[in-house]
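A closer look at the structure
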Amino acid sequence: MRLYGDPVLRRKARPLTATDTLTVPGFGPQTVREVADTMMETMFEQRGVGLAAPQIGLGVRLFVAVEYEDDEEEGGDDDTPLKSRVLRDFVMINPVIAVLNKKKDKSYQEGCLSIPGIYEEGVPRARQIAVRYTDLDGQERTIEAEDYLARVFQHEIDHLDGVLFLDRLPAEVTDDHRKELLKIQQHSKNFLANLSSWEKEQHLKERL
Ligand SMILES: [Zn+2]
């Protein structure tokens, strides 16, 4: 998982097609479907509701998300098998939002797998949206979403533009979490250092 402080989370991701071959840093080439499957598994393991490609180090416009039966408690009890509570799952390629109701909603708590342990209420999100996207079969689709699900989609699509939920709150909120954020940034730095030494090793092996 790419964490707060990782530059990939701040870059605008590029469009892709369903037939692309993708290379997640640290792994071999994979199809979009394989990457989406891995992302879905990772999301369940981490008890999340959504995961965007930049969060696994891949700068493409792709995210996965789920709608749970009781969608207000995203984490829930650790003993409940998450997958048994899934109502719908989504894999979206090149998603584009249209706001259907400009009324902002601030009522839910928001968190992010890339900013572990930090949850905040008050992130303003459009209450009702439509998302146009391409599915894994390359079909164009549109889905309407309200309330919590609309919030999830907006959070994930923000990731594709390099935006994190803390950016949408007053700067004081980020300041309040400065200590925790510095810790997360340090983890991120260590991870990237390990990854780059792993990649150097791979290049050496390829040359041998
Ligand atoms: Zn997130």
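What counts and how
Residues numbered from 1 in each chain as written. Predicted model: local features only at pLDDT ≥ 70, side-chain atom pairs only at ≥ 80, totals over all residues. Helix = DSSP H or I, 4+ residues; strand = E, 2+ residues; numbered from the N terminus. Contact = placed C-beta atoms within 7 Å. UniProt positions renumbered as here; feature names shortened; annotations may be inferred. Expected span 1.5 Å × (residues − 1). Buried ≥ 20, exposed ≤ 12 C-beta atoms within 10 Å, placed from the backbone.

Observations regarding the environment of Ile93
For Ile93, the location among the structural elements is in strand S5 (residues 86-105). Put simply, Ile93 and Ala18 are 75 residues apart on the chain and 7.3 Å apart in space, counted from C-alpha to C-alpha. The residues contacting Ile93, other than those within four sequence positions of it, are Leu16, Ala18, Val32, Arg61, Leu62, Tyr133, Thr134 and Asp135.

Brief notes about the UniProt feature "binding site: Fe cation" (unreviewed entry) in the chain
Per the UniProt record, the feature "binding site: Fe cation" (unreviewed entry) sits at Cys112, His155 and His159. For the annotated residues, spread through 48 residues, the largest C-alpha to C-alpha distance comes to 10.1 Å, consistent with a single compact locus. Its place among the elements puts Cys112 in the loop between strand S6 (109-110) and strand S7 (120-121). Non-local contacts of Cys112, meaning those with residues more than four positions away in its chain, are made with Leu164 and Phe165. Mapping His159 onto the fold places it in helix H2 (residues 147-160). In contact with His159, other than residues within four places in its own chain, are Ala52, Pro54, Gln55 and Phe63.

Notes on H2
Here H2 contains 14 residues, and its C-alpha end-to-end distance of 21 Å stays within 8% of the 20 Å for a straight helix at 1.5 Å per residue. Of all 14 residues in H2, 11 are buried; the element is thus mostly enclosed. Burial in H2 covers these residues: Leu149, Ala150, Arg151, Val152, Phe153, Gln154, His155, Glu156, Ile157, His159 and Leu160. Those residues of H2 that are buried are in contact with strand S3 (50-52), strand S4 (62-68), S5, S6, strand S8 (125-134) and strand S9 (140-146). Downstream of H2 by a residue or two, Gly162 has a phi angle that is positive, lying close to 80°.

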